[in-house]
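As a plain string of letters, each chain reads:
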Amino acid sequence: MMWRRVLLALLLIYALSALVRVTTNTLDSRGAVDFYTYWYDGVLARLGINTFTRYQNQAIPEATLSFVGVGEQPIPAVRFPLPANPPLGIILFTGLAFFQWESAKVLWLILNGLCALLVPFLLIRLIPSLKPPRSALHWEWIGLLTLSFWALLAVRNAIGNGQLSVFTFFWMLVALHLDKQGRRIPTGIALALTLIKFSVGTPLLVYLLIKRRWSALTTALILHGAGLALYSLMINTPIPRLIEQGVNILFLLRLDYDIRVVNLAALMPAGEGFVLLSALIVTIPTGVVLARHWAAIQRTPDTAQPLVDLCLFALLTLTFTLMLYHNYYDSLIIGGFLALLVGLILRPSEASLSRAHIRWLGIFGALCVILMSVPGAALVNFLPRTWVSLWLDVITTSGAVLLTLAWGVCLWLLGRLAQAAPSAN
């Protein structure tokens with residue numbers, strides 16, 4: 001249809017502008033601000049300094065480090081008060097810590113960009129209708145899903161800040177594909193990489209628990225245990241002490257809802273009681289729906305299994321995003337939900353969806369893409385700063401609302417898929 005081609009052209013232009021935006025943001029002196037913390041953890045590891053205690057009571061010695069291409073340089077200043085990685089993540093980022101800051105953040109931009117480039121193609125491969133041979137209609141939907149993901153404000157926000165969100169989502173999808181191929185050990189390796197940012201990667205852990213992928217789960221546990229042991233040797237700190245310090249850091253990272261977050265608690269009054277209430281509001285219905293339909297889901301025929309698995313994955317990612325603290329850039333996980341909508345629009349019979357259902361799902365999906373792709377802080381160049389701050393508050397609130405609605409739609413779709421499963425046998 002002509003409207004899809006026009007939309008494709010507009011999304012392509014917008015996605016290209018987003019590419020320019022994330023590049024200029026990263027190269028700016030204030031760019032990749034979150035990556036600085038990850039990189040600095042690696043710098044401290046090279047010095048043999050415990051990142052969990054450094055920011056509280058341990059001074060950095062006056063010393064130099066050798067960086068690739070520039071030789072010996074003074075240790076850079078600390079910009080942030082707390083560490084950001086589990087031991088396995090610190091060890092991985094130590095590799096980038098051999099590069100000076102300006103070079104390291106460009107390398108991270110390239111790696112993050114590659115992950116963002118590949119995420120839509122991994123999502124597409126989860127949709128059974130879009131497997132070869134593909135029709136012209138299928139190619140249009142592939143283009144819409146791909147460009148919609150690249151256009152999301154959360155994606156350029158994550159890459160511009162040097163965040164782990166895109167990297168984590170990429171490895172979550174890699175793990176899903178490896179699991180479908182029955183490659184349990186590689187699935188566990190991918191799971192271990194996602195758990196470097198556990199607030200985003202936890203849904204994959206729960207998904208594999210539900211699927212009883214014990215060898216994959218054991219592999220991830222072994223890798224994180226090995227990371228803990230190696231880091232213990234690097235900084236000469238006993239493992240029990242490291243675990244204690246890591247737990248203390250988690251308690252220090254109190255949920256601060258004065259900053260912009262996207263979860264259900266962000267839509268409620270401030271207070272720990274409302275944080276707990278919002279978590280219960282999300283987790284109880286999810287648990288009830290899974291328990292109610294689990295037997296039917298187990299009887300899903302092979303033809304419908306990919307969509308059921310995609311729906312389960314999307315539901316878990318939305319549940320944990322709404323339940324835990326997440327900044328706006330983490331809302332890019334809505335990509336799994338958008339892929340589910342495309343899959344059901346192309347194969348509505350799998351969930352016994354009517355034309356009216358398909359129409360409303362399409363409208364809601366389009367609304368999610370439009371509202372979650374609007375310009376963000378770039379407007380500071382055109383509007384007064386106070387207006388931009390208000391605009392960012394609106395974006396964050398609308399993102400939380402859309403994620404909540406998507407979660408509700410996912411609950412409904414999982415029920416439809418489960419109800420249709422027995423009749424398909």
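Definitions and limits used
Within every chain, residues take consecutive numbers counted from 1 along the sequence as written. At least 70 in pLDDT is required for a residue's local features to be given in this predicted model, at least 80 for side-chain atom pairs to be given and counted, and no such filter applies to totals for whole chains, interfaces and linings, which use all residues. Only heavy atoms go into the side-chain values, all of them from the structure, while hydrogens and water stay out. Only protein atoms enter the calculation, which uses a 1 Å grid: trapped sets of points that fit a 1.4 Å probe without letting it out are cavities, open sets showing protein on both sides within 12 Å along at least five of seven lines are pockets, and any residue with an atom within 4 Å of a point is a lining residue. Grid points are joined across faces, edges and corners, and a volume is the space filled by probe spheres set on the points. Comment: elements are numbered from the N terminus, with helices defined as DSSP H or I runs of at least four residues and strands as E runs of at least two. Take a side-chain nitrogen of Lys or Arg and a carboxyl oxygen of Asp or Glu: if they are within 4 Å of each other, that pair is a salt bridge. Note on classification: 1.4 Å probe, protein chains only; a residue is buried when its accessible area is under 20% of the maximum for its type, exposed when over 50%, partly exposed between these limits. Nonpolar cores were defined as sets of buried Ala, Val, Leu, Ile, Met, Phe, Trp, Tyr and Cys residues, with membership established by side-chain atoms within 4.5 Å. Contacts are assigned to residue pairs with any non-hydrogen atoms lying within 4.5 Å of each other.

Enquirer: Which parts of the structure should I look at to understand the layout of surface pockets?
Expert: Regions of empty space are outlined by a rolling probe, equal in size to a water molecule, passed over the atoms. Estimates place the volume of the second largest pocket at around 1,100 Å³. Taken together, 33 residues line the second largest pocket, and the ones lying closest to its centre are Arg21, Asn25, Asn157, Ala377 and Ala378. Counting only elements with at least two residues in the lining of the second largest pocket, the list comes to helix 1 (2-27), helix 7 (153-160) and helix 17 (385-423).

Enquirer: Looking at this structure, how should I read the pattern of salt bridges?
Expert: Side chains that carry opposite charge are capable of pairing whenever their charged atoms lie near each other. Inspection of every chain in the model, using the stated rule, returns eight salt bridges. Put simply, Asp179 and Arg184 hold a salt bridge, and the shortest N to O gap is 3.0 Å. Judged by relative accessible area, which is 26%, Arg184 ranks as partly exposed. The partner of Lys180 in a salt bridge is Asp309, with the nearest N and O atoms 3.2 Å apart. In this pair, Lys180 sits in helix 8 (residues 165-180) while Asp309 sits in helix 14 (residues 305-323), placing the two residues 129 residues apart along the sequence. Taking the relative accessible area as the measure of exposure, Asp309 reaches 9% and is therefore buried. By sharing partners, the salt bridges in this structure join Asp179, Arg184 and Arg213 into a single network.

Enquirer: Is there a simple way to explain the nonpolar core in this structure?
Expert: If you look at soluble globular proteins, the nonpolar side chains tend to sit buried side by side. Phe35, Trp39, Phe169, Leu173, Leu332, Phe337 and Leu413 are the most contacted members of the largest nonpolar core, which has 121 residues in total. Of the residues forming this core, the biggest block, 12 residues, is contributed by helix 17. Beyond its immediate stretch of four places on either side in the chain, Trp39 contacts Phe67, Pro76, Leu96, Ala97, Phe99, Gln100, Trp101 and Ala104. Of all hydrophobic cores here, the second largest spans nine residues; its members include Ala45, Phe52, Ile91 and Ile235.

Enquirer: For this particular structure, what's the right way to read the environment of Arg355?
Expert: Mapped onto the elements of the fold, Arg355 is located in helix 16 (residues 355-371). For the pair formed by Arg355 and Ile345, sequence separation is 10 residues and the distance between their alpha carbons is 9.3 Å.

Enquirer: Sorry, what's going on with empty space enclosed by the protein here?
Expert: Tallied over the entire structure, the rule returns one cavity of 30 Å³ or more. In this structure, the largest cavity spans a volume of roughly 30 Å³. Lining the largest cavity are Lys211, Trp294, Ile297, Gln298, Gln305, Val308, Asp309 and Leu312. Counting residues per element, the ones that place at least two in the lining of the largest cavity are helix 13 (272-298) and helix 14. The dominant element in the lining of the largest cavity, judged by the number of residues it contributes, is helix 14, at four residues.

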